[in-house]
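Residue-level structure breakdown
Chain by chain, the residues run as shown.
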Amino acid sequence: MNVISEQLWNRIAEVFSRTAIPHVTLIELGVVLALATALSIPRATWKYFGLLATATHELGHAFAAVTSGQRLSGITLRLDHSGTTTSFSRGRLAAVWSGFWGYPVPALTGAALVSSGFGGWGPAALATGTLILAASLIFIRNFAGIFITVAAIAAGAVLVLFVPDQFTGHVAISLGVALLVAAVRDLAKLTNVHLRRRDRLASSDAYILYRATAVPSVIWIALFIAVVAGCWVVAWQPISATLAAGA
């Protein structure tokens, strides 16, 4: 038992150390982009991968609430890709701050994973994400949310503890690109709600922010798009370097 514990501890220590930078080929980049599209675009795969995007979205609200001094009451995740983060604040600015950081956070997470993967910190990034998900369990308030979060934690733990580091870096890059694509998909869905499905406006973060600030929803959507686009620019830097090297 002591030997197993020591091996596990050594593995955890290794995870948070920088590893060799993964060698990514042009063919692999093509596969990664195809895989990211396959996870985020078809309804059959989005039914499952979209749950991770929703969890990341709600964690964005939750983290912003905590960092702005609000009291976080709970997070609800549903299997239909909807979610709710409940927090309490006496200041309007703090509430607006937490309300904004939903749609951009999957893209921010994706850019961080891509940059970490190309920089040799892929295992550390995945381990950090797994720990954040584990910490969030204390705030999950429904069974579906617990199921989604535990499944994501289990997948992350398997990758971090049992998959070789040189492979985990590639996984971090792939997952990062998939989340970046997912962020674009969610923004397209949000825009469609405002253009065609206005009966669902009550669920729109942009509409909720408009009600709280009187700033038009289109401005908030434009800000979401600007942040997501910035994340794509950040993630594209190491990708473009790989493309240039391959050319």
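Right, let's walk through the structure included here. Every value quoted in this text rests on a predicted model; they were computed, and no experiment measured them.

1. So, unusual backbone geometry
- Unusually for a residue other than glycine, histidine 81 sits at a positive phi of about 80 degrees.
- Tracing the backbone shows histidine 81 in the loop between β1 (71-77) and β2 (83-88).
- We note that alanine 214 has phi near 70 degrees; this positive angle belongs to a residue other than glycine.
- As for its placement among the helices and strands, alanine 214 is situated in the loop between α9 (205-213) and α10 (217-246).
- Looking at alanine 214, the relative accessible area reads 59%, which means it is exposed.

2. Some thoughts on the nonpolar core
- Membership of the largest hydrophobic core comes to 44 residues, with the highest contact counts inside it found for Val114, Phe118, Val177 and Phe224.
- Contributions of two or more residues to this core are made by α2 (26-40), α3 (43-67), α4 (92-100), α5 (104-119), α6 (122-136), α8 (165-195), α9 and α10.
- Ranked by the residues each element gives to this core, the list is headed by α8, at 12 residues.
- Discounting chain neighbours no more than four positions away, the residues touching phenylalanine 118 are Ile21, Val24, Leu29, Ile173, Pro238, Ile239 and Thr242.
- Of all hydrophobic cores here, the second largest spans eight residues; its members include Ala55, Ala62, Ile75 and Ile140.

3. Side note on the packing of aromatic side chains
- For the structure shown, the criterion picks out seven aromatic pairs.
- With a centroid separation of 4.9 Å and 90 degrees between ring planes, the pair formed by phenylalanine 100 and tryptophan 101 is classed as edge-to-face.
- Measuring from ring centre to ring centre gives 5.0 Å for phenylalanine 100 and phenylalanine 224, while their planes differ by 40 degrees; the resulting arrangement is tilted. With a gap of 124 residues between them, phenylalanine 100 in helix α4 and phenylalanine 224 in helix α10 connect regions that are remote in the sequence.

4. Things to note about a nonpolar patch on the surface
- A cluster of nonpolar side chains, namely Ile12, Phe16 and Leu131, defines an oily patch on the protein surface of about 260 Å² accessible area.
- Here isoleucine 12 is to be found in helix α1 (residues 2-15).

5. Brief notes about the pairing of β2
- Of the strand pairs in this sheet, β1 and β2 are connected by six bridges, and their pairing is antiparallel. Residue isoleucine 75 lies in a different strand from β2, and its bridge partner there is threonine 85.
- The turn joining β1 and β2, which pair antiparallel and follow one another in sequence, is formed by five residues; a positive phi near 80 degrees is taken by histidine 81.

6. Remarks on α5
- Helix length check: α5, at 16 residues, gives a terminal C-alpha distance of 22 Å against a target of 22 Å (1.5 Å per residue), a fit within 8%.
- Most of α5 is tucked away, with 12 of its 16 residues classed as buried.
- Those residues of α5 not exposed but buried are Pro104, Val105, Pro106, Ala107, Gly110, Ala111, Leu113, Val114, Ser116, Gly117, Phe118 and Gly119.

Cut-offs used in this document
Residues numbered from 1 in each chain as written. Predicted model: local features only at pLDDT ≥ 70, side-chain atom pairs only at ≥ 80, totals over all residues. Heavy atoms only, no water. Helix = DSSP H or I, 4+ residues; strand = E, 2+ residues; numbered from the N terminus. Buried < 20%, exposed > 50% of the residue type's maximum accessible area, 1.4 Å probe, protein only. Core = buried A, V, L, I, M, F, W, Y, C linked by side-chain atoms within 4.5 Å. Contact = heavy atoms within 4.5 Å. Phe/Tyr/Trp six-rings, centres within 6.5 Å; stacked < 30°, edge-to-face > 60°. Patch = residues over 30% accessible without salt bridge, like charges linked within 9 Å, V, L, I, M, F, W, Y side chains within 5 Å. Areas by Shrake-Rupley, 256 points an atom, 1.4 Å probe, with all protein chains shown as cover. Salt bridge = Lys/Arg side-chain N within 4 Å of Asp/Glu carboxyl O. Pairing = 2+ DSSP bridges. Expected span 1.5 Å × (residues − 1).

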